[in-house]
Amino acid sequence: MKYGFFDDANREYCITTPFTPLPWINYLGNDGFFGLISNTAGGYCFYRDAKLRRITRYRYNNIPNDIGGRLYYIKDGNTVWSPAYRPAETELDSYECRHGMGYTTFNSTKDGVNAKLTFFVPLGDACELHRLEVVNNSNETKELTLYSGIEWCLWNAVDDSQNYQRNLSIGELEVIGSTIYHKTEYRERRNHYAFFTVNTEVDGFDTDRDVFLGAGRAWNKPVQVENGKSGNTVASGWYPIASHSIKVTLAPGEKKSYVFQLGYIEVPRDQKWESKGIINKKPAVELINKYNSDAAFEAAFKALKDYWDNLLSIYHVESKDEKVNRMVNIWHQYQVMVTFNMSRSASYWETGIGRGMGFRDSCQDLLGFMHLIPERARDRIIDIASIQFENGSTYHQYQPLTKRGNADIGGGFNDDPLWLVACTAAYIRETGDTTILDHPTPFNNVEGSEKPLMEHLRRSINFTINNKGPHGLPLIGRADWNDCLNLNCFSEEPGESFQTFGPSEGPVAESVFIAGMFVKYGKEYADICDYVGLTDEAKTIRAEVEKVKTATEEFGWDGEWFLRAYDAYGNKVGSNECEEGKIFIEPQGFCTMAGIGQEKGFGAKALDSLYKYLVNDYGIEILAPCYTTYHVELGEISSYPPGYKENGAIFTHNNPWCSVAATVIGDAEKAFDIYKRSCPAFLEDVSEIHRTEPYVYSQMIAGRAAVHYGEAKNSFLTGTAAWVVVDITQAILGVQPTLQGLSIKPCVTKDFGSYSVVRKYRGAKYDINVIQDGSGKGLVVDGAAVEGNLIPAVEGKKEYKVEFYI
Ligand code: BGC
Ligand code: NOJ
């Protein structure tokens, strides 16, 4: 069953009911100011950091779970309705929500009135724009009262939801004309405030939530709206909100339109005040004036659309598979942008008050983001590297506002450092820019500790080399990619964090997954060394790679698949010898991608084993059989009920690894089959089972052992987005950036047929046609046959016509 449809021409998903199984969300914002918005206009916004600079309030574990957010009411006689269905929850005559690239629109009707709401964040400015358009399609004159509403969060979202004894006394506002300024704590240490305004004179306003709602009421029935009034209240303490009321008369056929703006302002500390107690509104007024008309709104909206047109023109495929085109050309790339911006901090399932930016998460997000805005990728790489410690290990997370490592989680996740090599290598493959390697980059943000980025990569590589266990395999530390495989933790008390409890190191527990990573990224590091002339170092590292490869072939192979790990007692994890958790997905994907045991056919066997034990209707599960009892020596993985999360769900992030792995061994059928199984567009028809958005990946889909098999959870913020871009655009469709230039190496099934790709790369445009005519002629560039897969780059050449014959 579906709850809407894809509108590919407009790059939108159109939702046709407010009653989706879960709120189906979208993101507003590009750089700095961000909002989350659901298909009933719920959600919140923040500036840079969802925890430390929260602008509007969100209630956790709320019922319904999507109440609050952007509140618009239309009072028409005795009927009060909302174009987004919520907050009023009045049944609508028609409803439509469209999530597009950085914007969301609603189009609804009730009793002959049509209302459109459009939400987006204009490029380069720290505000949300909301436009409400109303049209009278009836034969009678309509006397309407329109209400807006938002609820302020007192900046630090954690403190806001905990420290009532202080916070309920500190709320402060100013109201000037149609603009409501939120200035809580500005009097003391803050130098930022927010505002909510509309480009017309208002008939009234409210900023005191209790007056607006009335005693004992909720957002669906504010007493002021019911009575068609506003109290013109200026709140002091308690719960500051911002609401406008506007009386509108509409003749039959008449239309009116209002632009609301929700903005965030930072003021230099020495210019905070206009006069004692009165905030300096100059920068706010400038921003308000910039967007105070329909024309300005439309121009900014068009600029946003042009921005996305341009971004999505960098990689564009045309194949006969409509779903592949849709996902590659629109939604995969869009989701990657969102994960680049958010890491795992703020979604409807990541609360924005927990994790900041993850080290491994952000590094992997970059893998799929690189071609979109390489300059931002470059800056991000430096930010990430700056939280690394001198010994090559690193903080696991950092807060985007401060860019400092999060001390409460610390480090000790031994896969982390290698992901830095992965994303830097991808950056250079995309851009050819090796100057990034010279960029002076501090350790742990300590001034004076700067070393060229290359030294950070070197220490990352050496960290693995220097931290190996009894079998010559990398030590796992607190955990590797699988945060829940906690082999040194031994937690017995409820509430202890599996991620931080116990020693961060153990001399015995080893990870075959990190071995796969080291072999893959060790080679990529050696390639970079060669590329910049460090040939001796390249040789040394290749020798180290060989050692780990040999150790993995000897001690990391279980006969039919790769082992997962050795635990703190030196016992095997993910072996046929185990009772539960006999086979894990991660090393099958990564070790095969790394080419470990390729000559011995390990990869092919490992992938066959995935199909034998882990494949289900919606993807490949993370392990089997699931753990049914708690294993203190394995940690969180055995804490989840069977079939969920790291205990046997499809943890979608690692599915594209296996698909890429299949291309490495030339198995096009498996590569495409794995891609399609968990791809959201291919699951649209079972949205009632899947439950999350059909346009983006979710972190997990419950496995066969779960009570709710097939149900997805935690949509949007997952490393799947980036890896799937790498998988489908590079590994399967075969347009691969390399250090030397663009290479064409498709791994597609016969059925997939011929296809074309337009790729912009290093300042040139490549028109690529992959032609399946059975000739096997290979690469032809501008009419001339070329040996191998690499398109020879010609200095200054702007356009290449490329054919690749299979
Ligand atoms: C989750 C993991 C997550 C980790 C760190 C665990 O509880 O299952 O998916 O990576 O916490 O936040
Ligand atoms: C989610 C975390 O964000 C990610 O870092 C981790 O790799 C996966 N969970 C698997 O545990």
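Definitions and cut-offs
Residues numbered from 1 in each chain as written. Chains lettered and ligands numbered in written order. Predicted model: local features only at pLDDT ≥ 70, side-chain atom pairs only at ≥ 80, totals over all residues. Heavy atoms only, no water. Helix = DSSP H or I, 4+ residues; strand = E, 2+ residues; numbered from the N terminus. Buried < 20%, exposed > 50% of the residue type's maximum accessible area, 1.4 Å probe, protein only. Near = heavy atom within 4 Å. Polar contact = N/O pair within 3.5 Å; in protein donor to acceptor, adjacent residues only side chain to side chain. Areas by Shrake-Rupley, 256 points an atom, 1.4 Å probe, with all protein chains shown as cover. Nonpolar A, V, L, I, M, F, W, Y, C, P; charged D, E, K, R; others polar. Pairing = 2+ DSSP bridges. Axes fitted to C-alpha atoms, helices over the stretch in contact; angles between N-to-C directions. Phe/Tyr/Trp six-rings, centres within 6.5 Å; stacked < 30°, edge-to-face > 60°. Lys NZ or Arg CZ within 6 Å of the ring centre and 35° of its normal. Expected span 1.5 Å × (residues − 1). Contact = heavy atoms within 4.5 Å. Core = buried A, V, L, I, M, F, W, Y, C linked by side-chain atoms within 4.5 Å. Salt bridge = Lys/Arg side-chain N within 4 Å of Asp/Glu carboxyl O. Parallel < 35°, antiparallel > 145°, perpendicular 65-115°, else oblique. Left-handed = near helix turned anticlockwise from the far one by under 90°.

Chemist: Got a minute to help me understand unusual backbone geometry in this structure?
Modeler: One can expect most non-glycine residues to show negative phi and most peptide bonds to be in trans. In this chain, arginine 86 is followed by proline 87 through a cis amide linkage whose omega measures 0°. Among the structural elements, proline 87 can be located in the loop between β8 (79-81) and β9 (97-99). Cis geometry is adopted by the peptide bond preceding proline 625, which originates at alanine 624 and carries an omega value of -20°. Mapped onto the elements of the fold, proline 625 is located in the loop between β33 (623-624) and β34 (650-651). The backbone of glutamate 185 sits at a positive phi, close to 70°, despite the residue not being glycine. Within the fold, glutamate 185 resides in the loop between β15 (179-182) and β16 (192-198). Under the relative-accessibility criterion, glutamate 185 is labelled buried at 12%. Even without glycine at this site, phenylalanine 716 takes up a positive phi of about 85°.

Chemist: Mind showing me how you'd approach the site of ligand 1 here?
Modeler: By nearness alone, every residue bordering ligand 1 is listed as Arg355, Asp483, Cys484, Gln499, Glu636, Tyr640, Lys645, Glu646, Phe651 and Gln699. At a separation of 2.6 Å, an oxygen atom of ligand 1 approaches a polar side-chain atom of tyrosine 640. Separating an oxygen atom of ligand 1 from a side-chain N or O atom of lysine 645 is a distance of 3.1 Å. The fraction of the free accessible surface of ligand 1 (310 Å²) that becomes covered by protein chains is 79%. Along the lines of polarity and charge, the residues of the shell around ligand 1 split into three nonpolar, two polar and five charged.

Chemist: Is there a simple way to explain the sheet that holds strand β2 (residues 12-15) in this structure?
Modeler: Backbone-to-backbone hydrogen bonds join strands into a sheet, with any given pair of strands oriented parallel or antiparallel. The sheet built from ten strands is open, its strands ordered β1-β2-β9-β10-β11-β12-β19-β16-β15-β14 with antiparallel pairing. Single-partner strands in this sheet number two, and they are β1 (4-7) and β14 (173-176). Across this sheet, the average inter-strand angle for adjacent strands is 15°, counted without regard to direction. Sheet topology places strand β10 (residues 103-110) next to strand β11 (residues 113-120); eight bridges connect them, and they run antiparallel. Directly across from phenylalanine 106, in β11, lies its bridge partner leucine 117.

Chemist: Mind showing me how you'd approach the site of ligand 2 here?
Modeler: Taken together, Arg344, Arg355, Arg360, Asp361, Trp481, Asn482, Asp483, Glu646, Phe651 and Gln699 form the complete shell of residues around ligand 2. Between arginine 355 and ligand 2, the recorded distance is 2.7 Å, taken from a side-chain N or O atom to an oxygen atom. In this structure, an oxygen atom belonging to ligand 2 sits 2.7 Å away from a side-chain N or O atom of aspartate 361. Bound to the protein, ligand 2 loses 95% of the 290 Å² it would expose on its own. Here the residues of the shell around ligand 2 are counted per class, giving two nonpolar, two polar and six charged.

Chemist: What's the story with the packing of aromatic side chains in this structure? I'm lost.
Modeler: The relation between two aromatic rings is expressed through the spacing of the ring centres and the mutual angle of the planes. Within the structure shown, the criterion is met by 60 aromatic pairs. With 6.1 Å between their ring centres and 10° between their planes, phenylalanine 672 and tyrosine 675 make a pair best called stacked. In this pair, phenylalanine 672 and tyrosine 675 are both assigned in helix α17 (residues 668-678), three residues apart and thus about one turn of the helix distant. Neither residue differs from the other here; phenylalanine 672 and tyrosine 675 are each classed as buried. Taken together, the aromatic side chains of Tyr3, Phe6, Tyr13, Trp24, Tyr27, Tyr307, Trp308, Trp331, Tyr334, Tyr695 and Phe716 make up a single cluster linked through ring pairs. Positioned above the aromatic ring of tyrosine 181 is the side chain of lysine 281, whose terminal nitrogen or guanidinium carbon lies 5.5 Å from the ring centre. Above the ring of tyrosine 800, the side-chain terminus of lysine 797 is found at 4.8 Å from the ring centroid.

Chemist: It is not clear to me how helix α9 (residues 374-385) should be interpreted in this structure. Could you clarify?
Modeler: Helical geometry note: an α-helix holds 3.6 residues per turn, so side chains three or four residues apart project in the same direction. If you check α9, its first and last C-alpha atoms are 16 Å apart, about what twelve residues at 1.5 Å a residue would give, namely 16 Å. When you tally the buried positions in α9, you get ten out of twelve residues, the bulk of the element. Residues Pro374, Arg376, Ala377, Arg378, Arg380, Ile381, Ile382, Asp383, Ile384 and Ala385 constitute the buried set of α9.

Chemist: Just checking my understanding: could you explain helix α13 (residues 535-555) for this structure?
Modeler: Here α13 spans 30 Å end to end across 21 residues, near enough to the 30 Å set by a 1.5 Å rise per residue. At its buried positions, α13 is contacted by α11 (453-466), α12 (512-531), α14 (585-593) and α15 (602-613).

Chemist: Help me understand the sheet that holds strand β42 (residues 784-785) in this model?
Modeler: The strand order across the open sheet formed by six strands is β22-β39-β40-β43-β41-β42, and the pairing between neighbours is mixed. In the strand order of this sheet, the two ends are held by β22 (315-318) and β42, each with one partner. Two strands pair when backbone bridges link them, and strand β39 (residues 755-761) and strand β40 (residues 764-771) are joined in this way by seven bridges, in the antiparallel orientation. When the bridges of β40 are listed, arginine 759 appears paired with tyrosine 766.

Chemist: What should I look at first to understand the pairing of strand β19 (residues 255-266) in this one?
Modeler: Side chains on a regular strand alternate between the two faces of the sheet. Counting buried positions along β19 gives nine out of twelve residues, so the element sits mostly inside the fold. Inspection of the sheet shows strand β12 (residues 127-136) paired to β19 by nine bridges, in the antiparallel sense. Looking at β19, one finds that cysteine 127 is bridged to glycine 263.

Chemist: Teacher, can you tell me more about the nonpolar core here?
Modeler: Nonpolar side chains in soluble globular proteins generally cluster together in the buried interior. With 229 residues, the main nonpolar core has Ile55, Trp152, Trp419 and Tyr675 as its most contacted residues. A total of twelve residues in this core trace back to one element, the largest contributor, which is α12. Sequence-distant contacts of tyrosine 675, defined by excluding residues within four places in its chain, comprise Val324, Met327, Val328, His332, Ser659, Phe682, Tyr697, Val724, Asp727, Ile728 and Ile732. Within the second largest apolar cluster, eleven residues are counted, among which are Val80, Ala88, Trp219 and Ile241.

Chemist: Would you take a moment to explain the side chain of aspartate 361 for this structure?
Modeler: For aspartate 361, the position within the fold is in helix α8 (residues 359-369). Owing to a relative accessible area of 14%, aspartate 361 belongs among the buried residues under this scheme. If sequence neighbours within four positions are ignored, aspartate 361 has contacts with Ser343, Arg344 and Arg355.

Chemist: Help me understand the side chain of glutamine 397, please; the structure alone is not making it clear to me.
Modeler: Looking at where glutamine 397 falls in the secondary structure, it is placed in strand β24 (residues 397-398). Apart from residues lying up to four places away in sequence, glutamine 397 is in contact with Arg355, Gly356, Met357, Gly358, Phe359, Ile387, Arg404, Gly405, Asn406 and Ile409.

Chemist: Please clarify how the pattern of salt bridges should be interpreted in this entry.
Modeler: Opposite charge on two side chains lets them pair, provided their charged atoms get close. The tally for this structure, following the rule as stated, stands at 63 salt bridges. Across the salt bridge formed by glutamate 151 and arginine 57, the nearest N and O atoms sit 2.8 Å from each other. Within this pair, whereas glutamate 151 is found in strand β13 (residues 142-155), its partner arginine 57 is found in the loop between β6 (54-56) and β7 (71-76), the two being separated by 94 residues in sequence. The class of glutamate 151 is buried, set by a relative accessible area of 4%. Residue arginine 57 is classed as buried on the basis of its relative accessible area of 11%.

Chemist: Hey, could you run me through the packing of α14 against α15 in this one?
Modeler: One can describe the packing of α14 onto α15 by two numbers: an axis separation of 10 Å at closest approach and a directional angle of 150°. Judged by the inter-axis angle, α14 sits roughly antiparallel to α15. α14 and α15 meet at a crossing whose hand is left-handed. Counted together, Ile585, Gln588 and Thr592 of α14 and Gly603, Ala606, Leu607 and Leu610 of α15 form the full contact between these two elements. Residue composition of the contact of α14 with α15, grouped by class: four nonpolar, three polar and no charged.

Chemist: For this particular structure, what's the right way to read the packing of helix α10 (residues 416-431) against α11?
Modeler: Helix-helix packing: each pair is described by the crossing angle between the helix axes and the interaxial distance. One way to put it is that α10 packs onto α11 with a least axis distance of 8 Å and a crossing angle of 135°. Here α10 is positioned oblique relative to α11, judged by the angle of their axes. As α10 runs across α11, the sense of the crossing is left-handed. Contact residues: Pro417, Leu418, Leu420, Val421 and Thr424 in α10; Leu453, His456, Leu457, Ser460, Ile461, Phe463 and Thr464 in α11. By residue class, the composition of the contact of α10 with α11 is eight nonpolar, four polar and no charged.

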